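A structural walkthrough
Residue strings, one per chain:
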Amino acid sequence: MIAQPVSASGSTPREIRIAIVGCGALTQLFYAPALKCIATKRPVRVVALIDPVPDRVDAIARHFPDSIRGADLAAIPDDTDLAIVASPPGFHAAQTIALVERGFHVLCEKPMAGRVEECDAMIAAARRAGRLLTVGHFKRFFAATRCIKELVDGRALGRLRAIRFVEGGKFGWPAQSRALFERRSGQGGVLIDIGAHAFDLMAWWFGEPTIIACRDDAMGGVEANVWVRLAFADGVEGELGMSRDWDVPNRYFIRFEHGWVAWDPVDANHLELGWGNRYALKASVHEVRRAFGQPHAGAIAPTRHQAFIEQIENVMDAIEGTAPPMVSAEDGRRVIALIEQCYARSTLIDMPWMSPAEWNRGNELRCTRSAS
Amino acid sequence: MHTIGILGANGFVGSRLVETLLLEDAARIVPIVRNFAGFARLARFPLEARIADALDETALVKAFKGCDIVVNTVLGRYNQIVAEPPVIYRAAEIAGVRRLVHMSTASVHGQDPAPGTDETTPLRTDQPVSYNNAKVKAERRFRELRRNGRVELVMLRPGIVFGPRDIWITGIARSLAAGEAFLVDGGRGICNTVYIDNLVHAIRLAMIKPVDGEVFLLGDNEPITWAEIYHWVARAIGDCSPPRLLNNPPIRREVRPMLDRLRGIGPLKAFFRTIPAAVKARVRDQIGIAQGMIAGARAARQARARTDWTLPDDAVGPVPIETAMLHRCRYKFPFAKARAQLGYEPIVSVEEGLIRSIRALRFAGFDIDESFAEELRQARGVAAARGIPAVPGAVEETPAATPPAVMPTPAASAP
């Protein structure tokens, strides 16, 4: 945590005034509906919507008709409490720094930035301003990921043996600009996009890994496929594959000494669990309730969308001083450091359908781009 | 150097065409995709893609600007396939495109064509697979447009286009991994393959050869059966049950071709024309409701008839008619016309294409047992001695410049 949160003023929480910076698909599909839901149970108001494209601002303003609409950060009123930075990754650092310097707390979407030095500048700015800076690694709010954390920490299935995380699929996100596919604005390809979540969970569950090797298919642009080999403490090896291009199994597989766990990385409340060769559990995750003096599986744990809501509420609670933030800026920085290492050592992946001449030309394009 | 607009540039065929032309510096490329999400695959390269829906003439005109050749590789459902030709052709004309290469399909002749079928065989729109009928209608429409238009037109009819990112090899691997793979009548039917690079080669010939107004069937040199393809995919991915062999299974027919046939009957056609649009819409709604009720009643009947006394995994649902016809195909399409007029000769053998496609399955998360490739070559070599023609050229190995296999292709073995 960067700053001491503002303490709660009493039993009734005060209204949290929020500015949304970036009105693309993420805001449209996640932040806007989540904030509307939250507004039904606690005092929260979206006061400003910022995006350089007026149509995108107008689309979100339908949900928040009283909000101020603007193209740059200057339009945000001074009495705003929290700014949500949901713009393309290339803008995260500069916007976050400007926002904390104006005295706003910031929830910055993942990836926190493109480079570690940007993260450091963001953290330093938040510290100087005494504001909260947190990062949108919302998968930590999934009941399924919390179960895995408990299994790992408690060694319920013994020691960790190996991991293999494969995630992605044909790109289906309703992107509203080229930003995600340009190096400058997107800060990379699938590695920094999906990888930001994967590395955050990995480091949260097992501790920081060492990058052994990385290969991707960028040939002068940004990668659509990437494969990373990793090592953890005690010699445990891991593999991470991500794609925006191929339909892949979407499965985080974790082998322990006495069994295994598998998780679909978009599913907040289901897990697979196995311990032998014949049967495995494919189960929903429930809250534990007590009855007859025993624990029971009670209500089903929150969904992905509910977990997203929980993330925003956690930030609001942190601002109120009633709970610590679940994801710190340092957590976000750690992810970027790992991704930066991957990019630094990544080489062109072998594409078995290409002729040697094609592959070599692809590698030339890649090197030309890197050099420039 | 030509400037080539590639419509559907993010698809299976379009993206390999982009990749090949770009990496060979063979042309100026203008990839055209429907929306921003379509940039994901193309963004690997330093390319500027344009956005246009294949049914939006204004957007297409803008996207085609500066292109002397346009290749249409767009996929779509029935209505889109049928509606696209006039929009694409008119846009090409307005934009000053010289030639349009349209990707049709060998399926215009059906999935199990009669022996002797070639480009001169009349096409039918009363086939049991609606995709075939749509592609026939699209071809006819393009021909009409060419008769009255200025843009040259070449249409290609590839068979089963396979390769990395296809629906075929990847789909077979997935069905095997899920334990859901099956072969109708042993899968002894001929798979009319065209390896993706052979199709791309044909497209490049179609761009430049003096073949305006022509249509060409395309294929690989070597025949291969569906059972063989399933066998090699299963061998490579391992750890899966073999496909179930379904002899004479129940067939699931498509509804649209049956309705189209009804609509095509002269008196009925005239009668349908007299019905006001509003009435038709109401009837369609009623049919929708009736279909829902029938489905509900069927589900209820099945629920009543359900018994706990069944053996696991003994139920086989009806097989889609398209799959059944493919697995029973008796005929390998010829490509003599393409050979004669385009100078088309497959540049990659079906064996090599299969090896490359299977190896590429690593990108889809499969672990591949590399020894399959040598076995496949040997087994097919035996087949060649029995009379299947040998493959001319184009057998290429993993690039020599590839860095040492710290991590061979995407995946290593599963933990």
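None of the values given here were measured: they were computed from a predicted structure. (Residues numbered from 1 in each chain as written. Chains lettered and ligands numbered in written order. Predicted model: local features only at pLDDT ≥ 70, side-chain atom pairs only at ≥ 80, totals over all residues. Heavy atoms only, no water.)

**So, the overall build of chain A**
- Scanning chain A for helices and strands turns up eleven helices and 17 strands.
- Dimensions along the principal axes, computed over C-alpha positions, put chain A at roughly 65 × 60 × 35 Å.
- Counting only residues that meet the buried cut, chain A has 58% of its 372 residues in that class.
- Taking the intrachain contacts of chain A between residues at least 6 apart in sequence as the baseline, contacts between residues at least 24 apart amount to 69%.
- Looking at chain A as shown, the accessible area adds up to about 15000 Å², and 51% of this sits on carbon and sulfur atoms.
- Charge separation in chain A, taken as the distance between the mean sites of 43 positive and 44 negative side-chain charges, equals 3 Å. (Helix = DSSP H or I, 4+ residues; strand = E, 2+ residues; numbered from the N terminus. Buried < 20%, exposed > 50% of the residue type's maximum accessible area, 1.4 Å probe, protein only. Contact = heavy atoms within 4.5 Å. Areas by Shrake-Rupley, 256 points an atom, 1.4 Å probe, with all protein chains shown as cover. Lys, Arg positive; Asp, Glu negative; His and termini not counted. Charge placed at Lys NZ, Arg CZ, Asp CG, Glu CD.)

**Considerations on a nonpolar patch on the surface**
- On the surface, a cluster of nonpolar side chains totalling about 420 Å² of accessible area is made up of Val255(B), Met258(B), Leu259(B), Leu262(B) and Ile265(B).
- Residue placement: Met258(B) occurs in helix H9 (residues 255-264). (Patch = residues over 30% accessible without salt bridge, like charges linked within 9 Å, V, L, I, M, F, W, Y side chains within 5 Å. Salt bridge = Lys/Arg side-chain N within 4 Å of Asp/Glu carboxyl O.)

**Description of the confidence of the model for chain A**
- When pLDDT is averaged along chain A, the result is 94; 96% of the residues meet or exceed 70.
- pLDDT under 50 marks residues 1-10 of chain A. Its contacts with residues more than four places away, or in other chains, come to 30 contacts. (pLDDT = per-residue confidence, 0-100.)

**Remarks on the environment of Gly168(A)**
All names here are of chain A.
- In this structure, Gly168 sits in strand E7 (residues 160-168).
- For Gly168, a relative accessible area of 16% translates into the label buried.
- Sequence separation between Gly168 and Pro249 is 81 residues; the distance between their C-alpha atoms is 7.9 Å.
- Contacts of Gly168, omitting those with residues within four sequence positions, involve Ile194, Ser243, Trp246, Val248 and Asn250.

**Considerations on the packing of aromatic side chains**
- All chains considered together, the criterion is met by 26 aromatic pairs over all chains.
- Considering the side-chain rings of Trp246(A) and Phe363(B), the 5.8 Å spacing of their centres and the 25° angle between planes classify their relative orientation as stacked. One end of the pair, Trp246(A), is in the loop between strand E10 (237-243) and strand E11 (251-256); the other, Phe363(B), is in the loop between helix H14 (350-359) and helix H15 (371-385), on a second chain.
- A relative accessible area of 1% means that Phe363(B) is categorised as buried.
- Seen from their ring centres, Phe335(B) and Tyr344(B) are 5.3 Å apart, and the 80° between their planes marks the pair as edge-to-face.
- Taking relative accessible area as the criterion, Phe335(B) reaches 7% and is therefore assigned buried.
- Tyr344(B) gets classed as buried once you look at its relative accessible area, which sits at 0%.
- Feature note: the residues Phe30(A), Tyr31(A), Phe138(A), Phe142(A), Phe165(A), Trp173(A), Trp205(A), Phe206(A), Phe232(A), Tyr252(A), Trp263(A) and Phe308(A) constitute an aromatic cluster, connected by ring pairs. (Phe/Tyr/Trp six-rings, centres within 6.5 Å; stacked < 30°, edge-to-face > 60°.)

**Details of the nonpolar core**
- In terms of nonpolar packing, the biggest core is built from 105 residues, with Phe199(A), Trp205(A), Phe206(A) and Val228(A) touching the most fellow members.
- Core analysis: the second largest hydrophobic core is formed by 93 residues, Met354(A), Ala27(B), Val194(B) and Tyr344(B) among them. (Core = buried A, V, L, I, M, F, W, Y, C linked by side-chain atoms within 4.5 Å.)

**Some details on the pairing of strand E13 (residues 270-274) of chain A**
Residues and elements named next belong to chain A.
- Bridge count between strand E12 (residues 259-263) and E13: three bridges; the pairing is antiparallel. Across the sheet, the residue bridging to Ala262 is Glu272, located in E13.
- In sequence, E12 turns back onto E13 through a hairpin of six residues.
- Relative to strand E14 (residues 280-284), E13 is paired through five bridges, and the arrangement is antiparallel. Pairing of His270 across the sheet is with Ser284, part of E14.
- Between E13 and E14, which pair antiparallel one after the other, the connecting turn spans five residues. (Pairing = 2+ DSSP bridges.)

**Some words on the pattern of salt bridges**
- As enumerated under the stated definition, the model contains 61 salt bridges over all chains in all.
- Put simply, Arg204(B) and Glu24(B) hold a salt bridge, and the shortest N to O gap is 2.9 Å. Linking Arg204(B) in helix H7 (residues 196-208) with Glu24(B) in the loop between helix H1 (12-23) and strand E2 (28-33), this pair joins segments that are 180 residues apart in sequence.
- Exposure remark for Arg204(B): the relative accessible area of 25% places this residue in the partly exposed category.
- One connected set of salt bridges, linked through shared partners, spans Glu358(A), Arg16(B), Glu19(B), Arg44(B), Asp197(B) and Arg356(B).

**So, the sheet that holds strand E6 (residues 133-135) of chain A**
Residues and elements named next belong to chain A.
- Overall, parallel pairing links the six strands, which are arranged E3-E2-E1-E4-E5-E6 in an open sheet. Whereas interior strands pair on both sides, the edge strands pair on one side only; in this sheet they are strand E3 (68-70) and E6. The sheet shows a mean angle of 20° between the axes of neighbouring strands, taken without regard to direction.
- Here four bridges tie strand E1 (residues 16-21) to strand E4 (residues 82-85), and the two strands are oriented parallel to one another. (Axes fitted to C-alpha atoms, helices over the stretch in contact; angles between N-to-C directions.)

**Concerning the interface of chain A and chain B**
- Between chain A and chain B, the contact holds 50 residues from the first and 51 residues from the second.
- Connecting chain A to chain B are six salt bridges.
- As a salt-bridge pair, Glu358(A) and Arg16(B) come within 2.9 Å of each other at their nearest N and O atoms.
- Taken together, chain A and chain B are joined by 13 residue pairs in polar contact (both at pLDDT 80 or more).
- The set of elements that each furnish at least two residues to the side of chain A that touches chain B consists of E7, strand E8 (210-216), strand E9 (225-231), E11, strand E17 (347-348) and helix H11 (356-371) of chain A.
- Ranked by residues supplied to the side of chain A that touches chain B, first place goes to H11(A) with seven residues.
- A per-class count over the side of chain A that touches chain B returns 27 nonpolar, nine polar and 14 charged. (Polar contact = N/O pair within 3.5 Å; in protein donor to acceptor, adjacent residues only side chain to side chain. Nonpolar A, V, L, I, M, F, W, Y, C, P; charged D, E, K, R; others polar.)

**Focus on helix H8 (residues 226-237) of chain B**
- Taking 1.5 Å of rise per residue, the twelve residues of H8(B) would be expected to cover 16 Å, and the 17 Å separating its terminal C-alpha atoms lies within 8% of that figure.
- Of the positions making up H8(B), those classed as buried are Trp226(B), Ile229(B), Tyr230(B), Trp232(B), Val233(B), Ala234(B), Ala236(B) and Ile237(B). (Expected span 1.5 Å × (residues − 1).)

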